[in-house]
Amino acid sequence: MKKLLIATNNKGKVKELRDLLKVLNVQLVTPADLNLNLEVEEDGETYAENAEKKARAFAQASGLVSLADDSGLEVDALDGAPGLHSARYAPPLTLSPNSGNLGGARGGWTDSDRRAYMLENLRGKPRPWTAHFHATIAVAFDGKVEFAEGDCYGEIIPEERGNNGFGYDPIFFIPELNQTMAELDMETKNRISHRANAARNALPVLKKIFEG
Ligand code: ITT
């Protein structure tokens, strides 16, 4: 059976992408399945540049068609921050992280630290704190790359709600559903999320690659 590598080290993304891509007639594999330990430096100036970098690096290392996702949360009252830097959004280093882990590429900050830092930066600013998630998917195959994009609109709320998902989900509220992203079950998140929209837009490319 043909294989597609889900080129991410983020377990939350893997779980969602496995479900979103199950309609394809391919075997979905992860870096962990291949014992592939690859940290790609995300120094691009756009989501597309970073997604391409990740997809190409994993395709080269594995020899498989590789799908990478670069995503982020853009908050209007923070002039679009943290955006491209969402995974690395962190308090100044004079403050000590709750996690106690000072090592690693992310400086030891946890998702919970990042949410708290965002709320601290929003304190005093007029609500609603409108925001959107963006995802760019890059698919690398035969030395080429194809892109697909998706967004999801909502607002940041000042208290955490829900335990599902990952990252900023507990403070990202979707007015139409009257729930935060972390209160949604995966089936619902995978109907409406930025990643779901990007994955849907990537399906024609993937079908062409795998089904001709
Ligand atoms: P890979 O690069 O290995 O895929 P990553 O977590 O570093 O994993 P990104 O560089 O694309 O991925 O960073 C995206 C960050 O944006 C992610 O770490 C979260 O903080 C946030 N994010 C993206 N999608 C999200 C979602 O669906 N829910 C909550 N937060 C999300």
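Above this text sits the structure in question.
Residues numbered from 1 in each chain as written. Predicted model: local features only at pLDDT ≥ 70, side-chain atom pairs only at ≥ 80, totals over all residues. Heavy atoms only, no water.

Asker: How should I be thinking about the overall build of the protein chain in this particular structure?
Answerer: A count of helical and extended segments in the protein chain gives five helices and seven strands. Moving toward the C terminus, one meets the helices and strands of the protein chain in the order β-α-β-α-β-α-β-β-β-β-α-α. By the compact-globule yardstick of 17 Å for 212 residues, the protein chain fits well, its C-alpha radius of gyration being 17 Å. The principal-axis extent of the C-alpha atoms belonging to the protein chain is close to 55 × 40 × 30 Å. In the protein chain, which comprises 212 residues, the share counted as buried stands at 48%. Long-range contacts, defined as pairs at least 24 residues apart, comprise 58% of the intrachain contacts of the protein chain with a sequence gap of at least 6. Across the protein chain, the centroid of the 25 positively charged side chains sits 5 Å from that of the 31 negatively charged ones. (Helix = DSSP H or I, 4+ residues; strand = E, 2+ residues; numbered from the N terminus. Rg over C-alpha atoms; globule rule 2.2 N^0.38 Å. Buried < 20%, exposed > 50% of the residue type's maximum accessible area, 1.4 Å probe, protein only. Contact = heavy atoms within 4.5 Å. Lys, Arg positive; Asp, Glu negative; His and termini not counted. Charge placed at Lys NZ, Arg CZ, Asp CG, Glu CD.)

Asker: In this structure, what is going on with the packing of aromatic side chains? I would like to understand it.
Answerer: To describe a pair of aromatic rings, you give the distance between the ring centres and the angle between the ring planes. Using the criterion set out here, one finds two aromatic pairs in the structure. Look at Tyr89 and Tyr117: their rings are 4.8 Å apart centre to centre, the planes differ by 50°, and that puts the pair in the tilted class. Here Tyr89, found in the loop between β3 (65–75) and α3 (111–122), pairs with Tyr117, found in helix α3; they are 28 residues apart in sequence, far enough to count as distant. The exposure classification of Tyr89 matches that of Tyr117, with both residues buried. On the basis of an interplanar angle of 50° and a centroid distance of 4.5 Å, the ring pair of Phe133 and Phe172 is categorised as tilted. Here Phe133 is found in strand β4 (residues 129–141), whereas its partner Phe172 is found in strand β6 (residues 172–174), with 39 residues between them in sequence. (Phe/Tyr/Trp six-rings, centres within 6.5 Å; stacked < 30°, edge-to-face > 60°.)

Asker: I'm lost on the pairing of strand β1 (residues 3–6) in this one. Help?
Answerer: Walk down a regular strand and you will see the side chains alternate between the two sheet faces. In this sheet, strand β2 (residues 27–29) lies alongside β1 in parallel orientation, the contact comprising three bridges. What sits directly across from Leu4, in β2, is Leu28. With helix α1 (residues 11–20) bridging β1 and the parallel β2, this β-α-β connection has right-handed handedness. Across three bridges, β1 lies against β3 in parallel orientation. Paired with Leu4 across the two strands is Val65, which belongs to β3. (Pairing = 2+ DSSP bridges. Right-handed = clockwise from strand over helix to strand, strands pointing away.)

Asker: Just to check I follow, could you spell out the pattern of salt bridges for this structure?
Answerer: Between side chains of opposite charge, pairing is possible as soon as their charged atoms come close. In total, this model carries 14 salt bridges according to the counting rule given. The partner of Asp33 in a salt bridge is Arg18, with the nearest N and O atoms 3.6 Å apart. You can see Asp33 sitting in the loop between β2 and α2 (47–62) and its partner Arg18 sitting in helix α1, a full 15 residues away along the chain. Taking the relative accessible area as the measure of exposure, Asp33 reaches 47% and is therefore partly exposed. Residue Arg18 is classed as partly exposed on the basis of its relative accessible area, which comes to 33%. A salt bridge links Asp70 to Lys54, with the shortest nitrogen-to-oxygen separation between them at 2.8 Å. With Asp70 in strand β3 and Lys54 in helix α2, this pair connects stretches of sequence that are 16 residues apart. For Asp70, a relative accessible area of 2% puts it in the buried group. Salt bridges sharing common partners tie together Lys13, Glu16, Asp69, Asp169, Lys189 and Arg195. (Salt bridge = Lys/Arg side-chain N within 4 Å of Asp/Glu carboxyl O.)

Asker: Would you mind going over α1 with me for this structure?
Answerer: For an α-helix, the turn length of 3.6 residues means that residues three or four places apart are oriented alike. Turning to α1, its buried residues number three or more, namely Gly12, Lys13, Val14, Glu16, Leu17 and Leu20. Buried residues along α1 sit in contact with β1, α2, β3, β4, α4 (186–192) and α5 (194–211). Regarding α1, its N-cap is Asn10, as a side-chain oxygen of that residue lies 2.9 Å from the backbone nitrogen of Gly12 further along. (Polar contact = N/O pair within 3.5 Å; in protein donor to acceptor, adjacent residues only side chain to side chain.)

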